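Chain by chain, the residues run as shown.
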Amino acid sequence: MRSVIITLLACSIIASTSSLPFKVKQPVNEDNEQAIEKQHVRTATKEVKEDLQQDFTSSSSIVASYFSTEDDSISMALKESIHEKANTKDMHEFLLSTRRSLHRNPELMYELPHTSETISTILDELNIPYTKGWAKNTHQEVYPGPGGYGIVAHIGKNILEEDQPCIILRADMDALPILEATKNIESFKSKTNHQMHACGHDGHVTMLLGAAALLKSIESDIEGTIRLVFQPAEEGGAGMKRMVEEGLVELKPQAKLGFGMHVWPTLPSGVIATRPGALMAAAEMFTVEIHGKGGHAAMPQLTIDPIVAVSSLISNLQSIVSRTISPLESGVISVTSVNAGDAFNVIPGSAILKGTIRALSTEMLMSLRGKFDHMVTSTAMLHDCNATIQYSPDYYVPTINDPDLFEWSSKVGALVSKEGKVRDIEPTMGGEDFGFLADVLPSTFFFLGQGSGGDEKYHIPRTDYGLHHPSFALDEDVFPIGVELHANLALRSLKKLAIEERMKTEL
């Protein structure tokens, strides 16, 4: 049985700072505080729902016209209508309330009861049907909890009809085991010690819920099914793989396209970026234990020193990428943890290494892993030691943007990017389990820039700290852009699929 090192895969995001929209003037106990928080989120949901319904007639006319005509002016009218809906005062309040509630209550991997309940409560208030129990944990020997906190929701005029177009919009839900150090967010700072939304998944869930509210308000004119996927265990647990194994893609009507996004602190706020082909890396995690023979540090000749073997191994591993693969290929082998001994005068009997292997293709990942195995065993033998290697239960496949879909979806992204275009970006060695969906469904994954928000002069946290950094902060001002991107992708991809189906029929 293989075990995993929970070295958490990459994402990248931020957490913004203003005071909570709900403030408690006097100390309250935990249950009362959580009840107040839930009620505020529910109220904000109700208000944004009512606000969106007030403009129903005008919006409905635009959406109906968009699905029935090829007029460019209607396409631009749809863009402007979505922009207006995503930037109302009530939508702003809803987005902040939801995100900050999630941020205050971070949860890990497969143990997400509060996060799942918050999403369910909002979907119930919006009258959006959904199913629960997704992403069950099949590796409880490695990750705590039974799982099953994933949610799949549906929006559309005839969501049960099997022969209509269907697309997937996805958001990941889990936080990280990090002690939060973000400044100036006292009103909604994590209240769980050593747990933090340091990768922006609280923002991802929030933006998808904002898009859900917007799309639900025009549901009667949506030709097709929009499938909303709220996915646990992105941070190393391969939650999307579990959902695919559980039949996510085979659900009727069967999805034809998939879309996802991640906040990105190395890009300016409001910029959207992506690239065709490999965007994010395939990733594997390893634990290596070198077994020697311990003894007194004053008598090394009577021992087999695993620390010497480990030191040699760390140096030797660096030659795999630099000397065994083409300089035109990409790969990473990083040792991130070394642990051996606990006394100054004792040579330990064993030493442990942990780390990660990454590449931009599954083939290269497996090649590097084979070379890694050989290097570990041969180096251990050279020092008269034995070695055991343990890998993660599920290595991550690369996140590959479908080249044909990329060309089309980049034009949609350009509609909402503050630059009026989608930036081309170099691939990253960060891992992302959206790759498991993109592996079986033509998909596009976007980066939403958030790195130029914040101003510490005014006690607003900087938003350019990297993903998984303890001071990571979200730029909440980009949330409406994420809502717009989701909504535009959903409506426009449904029309794209309908046109393609009609052309097939006519042929």
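Small disclaimer: the values here were computed from a predicted structure and weren't measured.

Chemist: Which residues make up the overall build of the protein, and what values go with them?
Modeler: Looking only at helices and strands, the protein features 12 helices and 16 strands. A globule of 507 residues ought to have a C-alpha radius of gyration of about 23 Å, and the protein, at 24 Å, matches this closely. Dimensions of the protein along its principal axes, counting C-alpha atoms only, are 85 × 70 × 40 Å. Expressed as a percentage of the 507 residues in the protein, the buried residues total 56%.

Chemist: A description of the environment of Ile222 should follow, citing residues and the corresponding values.
Modeler: Here Ile222 lies in the loop between helix H6 (201-216) and strand E4 (225-231). Along the primary structure Ile222 and Ala64 are separated by 158 residues, whereas in three dimensions their C-alpha atoms are 7.6 Å apart. Each residue touching Ile222, except ones within four places of it in the same chain, is listed here: Phe67, Ile155, Gly156, Lys157, Leu215, Leu491 and Leu494.

Chemist: Please give an account of the pairing of strand E16 (residues 443-449) that cites residues and values.
Modeler: Most of E16 sits out of view: seven of its seven residues are buried. Neither face of E16 is open: one carries Ser443, Phe445, Phe447 and Gly449, the other Thr444, Phe446 and Leu448, and all of them are buried. Relative to E16, strand E5 (residues 257-264) runs parallel, the two sharing seven bridges. In the sheet register, His262 faces E16, and the bridge partner there is Phe447. As defined by bridge partners, strand E6 (residues 272-274) adjoins E16 across two bridges and the pair is classed as antiparallel. When the bridges of E16 are listed, Ala273 appears paired with Phe447.

Chemist: Give a description of helix H10 (residues 403-416) that names residues and reports values.
Modeler: Under the 1.5 Å per step criterion, the end-to-end length of H10 is 21 Å for 14 residues, consistent within 8% with the ideal 20 Å. Its axis deflected by about 25 degrees at Ser409, H10 carries its strongest bend there. Every buried residue of H10 is listed here: Leu405, Phe406, Ser409, Ser410, Val412, Gly413, Ala414 and Val416.

Chemist: Could you give me a rundown of the pattern of salt bridges, with the residues and numbers involved?
Modeler: Overall, the coordinates contain 18 salt bridges when judged by the stated rule. A salt bridge links Arg242 to Asp394, with the shortest nitrogen-to-oxygen separation between them at 2.9 Å. Placement of the pair is Arg242 in helix H7 (residues 239-245) and Asp394 in the loop between strand E12 (386-391) and strand E13 (399-401), with a sequence separation of 152 residues. Grouping residues by exposure puts Arg242 and Asp394 together as buried.

Chemist: Mind laying out the sheet that holds strand E14 (residues 422-424), listing which residues take part and the relevant values?
Modeler: Overall, mixed pairing links the eight strands, which are arranged E1-E2-E4-E3-E5-E16-E6-E14 in an open sheet. Here the strands that pair on one side only, and so sit at the sheet edges, are strand E1 (130-136) and E14. Strand-to-strand twist across the sheet, computed as the mean angle between neighbouring axes with direction ignored, equals 30 degrees. Relative to E14, E6 runs parallel, the two sharing three bridges. Bridging across to E14, Ala273 finds its partner in Arg423. H6 rests against strand E2 (147-155), strand E3 (166-172), E4, E5 and E16 of the sheet, and its axis sits at about 145 degrees to E3.

Chemist: So what's going on with the nonpolar core? Which residues, and what values?
Modeler: Residues Leu169, Leu215, Ile226, Leu228, Phe230 and Leu248 are the most contacted members of the largest nonpolar core, which totals 103 residues. At 10 residues, the largest contribution of residues to this core is made by helix H12 (residues 479-506). Core analysis: the next-biggest nonpolar cluster, separate from the first, contains 24 residues, Ala282, Val310, Ala351 and Phe372 among them.

Chemist: Any chance you could break down the packing of aromatic side chains for me, citing the residues and the numbers?
Modeler: Following the criterion strictly, the structure yields nine aromatic pairs and no others. A ring pair is formed by Trp264 and Phe447, whose centres lie 3.8 Å apart and whose planes are at 5 degrees; its orientation type is stacked. A residue pair is termed long-range when its members are at least 10 positions apart, and Trp264 in strand E5 and Phe447 in strand E16 qualify at 183 residues. For the pair shown, Trp264 and Phe447 are each scored as buried. Arranged with centres 6.3 Å apart and planes meeting at 90 degrees, the rings of Phe445 and Phe447 form a pair that is edge-to-face. Judged on exposure class, the residue Phe445 and its partner Phe447 are both buried.

Chemist: Run through the side chain of Thr225, naming residues and quoting values.
Modeler: Along the polypeptide, Thr225 turns up in strand E4. Reaching out from Thr225, the side chain makes a polar contact with the side chain of Gln164 at a distance of 3.1 Å.

Chemist: I'd like a rundown of a negative patch on the surface, residues and numbers included.
Modeler: Judged by side-chain charge, Glu161, Glu162, Asp163 and Glu501 come together as a negatively charged surface patch. Take Asp163: it is sitting in the loop between E2 and E3.

Chemist: Kindly report on the environment of Ile425, identifying the contributing residues and their values.
Modeler: Considering the arrangement of structural elements, one finds Ile425 in the loop between E14 and strand E15 (428-431). Considering only alpha carbons, one finds Ile425 and Leu279, 146 residues apart in sequence, at a separation of 8.3 Å. Those residues in contact with Ile425 that sit more than four places away from it in its chain are Trp264, Leu267, Ala273, Thr274, Arg275, Leu279 and Phe447.

Chemist: Can you tell me about helix H5 (residues 113-125), naming the residues and giving the values?
Modeler: For H5, spanning 13 residues, the distance from its first C-alpha to its last is 18 Å, which sits close to the expected 18 Å at 1.5 Å a residue. Within H5, 10 of the 13 residues are buried, which leaves the element mostly enclosed by the surrounding structure. Here H5 has its buried residues at His114, Thr115, Ser116, Thr118, Ile119, Ser120, Thr121, Ile122, Leu123 and Glu125. Asn127 lies just past H5 and shows a positive phi near 60 degrees.

Chemist: Break down the packing of helix H8 (residues 306-324) against helix H9 (residues 362-382) for me, with residues and values.
Modeler: Between H8 and H9, the least distance of the axes is 10 Å, while the angle of their chain directions is 150 degrees. By the angle between their directions, the pair H8 and H9 is classed as roughly antiparallel. Taken as a pair, H8 and H9 cross one another with a handedness that is right-handed. Listed contacts from H9 to Ala309, Ser312, Leu313, Asn316, Leu317, Ser319, Ile320, Val321 and Thr324 of H8 are Leu368, Lys371, Phe372, Met375, Val376 and Thr379. Considering only residue class, the contact of H8 with H9 consists of nine nonpolar, five polar and one charged.

Chemist: So what about the confidence of the model for the protein? Which residues, and what values?
Modeler: Predicted confidence across the protein gives a mean pLDDT of 91, with 93% of residues reaching 70 or more. Within the model, pLDDT remains below 50 along residues 1-26, and this stretch shows 137 contacts once partners closer than five positions in the same chain are excluded.

Rules used in this analysis
Residues numbered from 1 in each chain as written. Predicted model: local features only at pLDDT ≥ 70, side-chain atom pairs only at ≥ 80, totals over all residues. Heavy atoms only, no water. Helix = DSSP H or I, 4+ residues; strand = E, 2+ residues; numbered from the N terminus. Rg over C-alpha atoms; globule rule 2.2 N^0.38 Å. Buried < 20%, exposed > 50% of the residue type's maximum accessible area, 1.4 Å probe, protein only. Contact = heavy atoms within 4.5 Å. Pairing = 2+ DSSP bridges. Expected span 1.5 Å × (residues − 1). Bend = angle between axes of the 7 residues up to and from the residue. Salt bridge = Lys/Arg side-chain N within 4 Å of Asp/Glu carboxyl O. Axes fitted to C-alpha atoms, helices over the stretch in contact; angles between N-to-C directions. Core = buried A, V, L, I, M, F, W, Y, C linked by side-chain atoms within 4.5 Å. Phe/Tyr/Trp six-rings, centres within 6.5 Å; stacked < 30°, edge-to-face > 60°. Polar contact = N/O pair within 3.5 Å; in protein donor to acceptor, adjacent residues only side chain to side chain. Patch = residues over 30% accessible without salt bridge, like charges linked within 9 Å, V, L, I, M, F, W, Y side chains within 5 Å. Areas by Shrake-Rupley, 256 points an atom, 1.4 Å probe, with all protein chains shown as cover. Lys, Arg positive; Asp, Glu negative; His and termini not counted. Charge placed at Lys NZ, Arg CZ, Asp CG, Glu CD. Parallel < 35°, antiparallel > 145°, perpendicular 65-115°, else oblique. Left-handed = near helix turned anticlockwise from the far one by under 90°. Nonpolar A, V, L, I, M, F, W, Y, C, P; charged D, E, K, R; others polar. pLDDT = per-residue confidence, 0-100.

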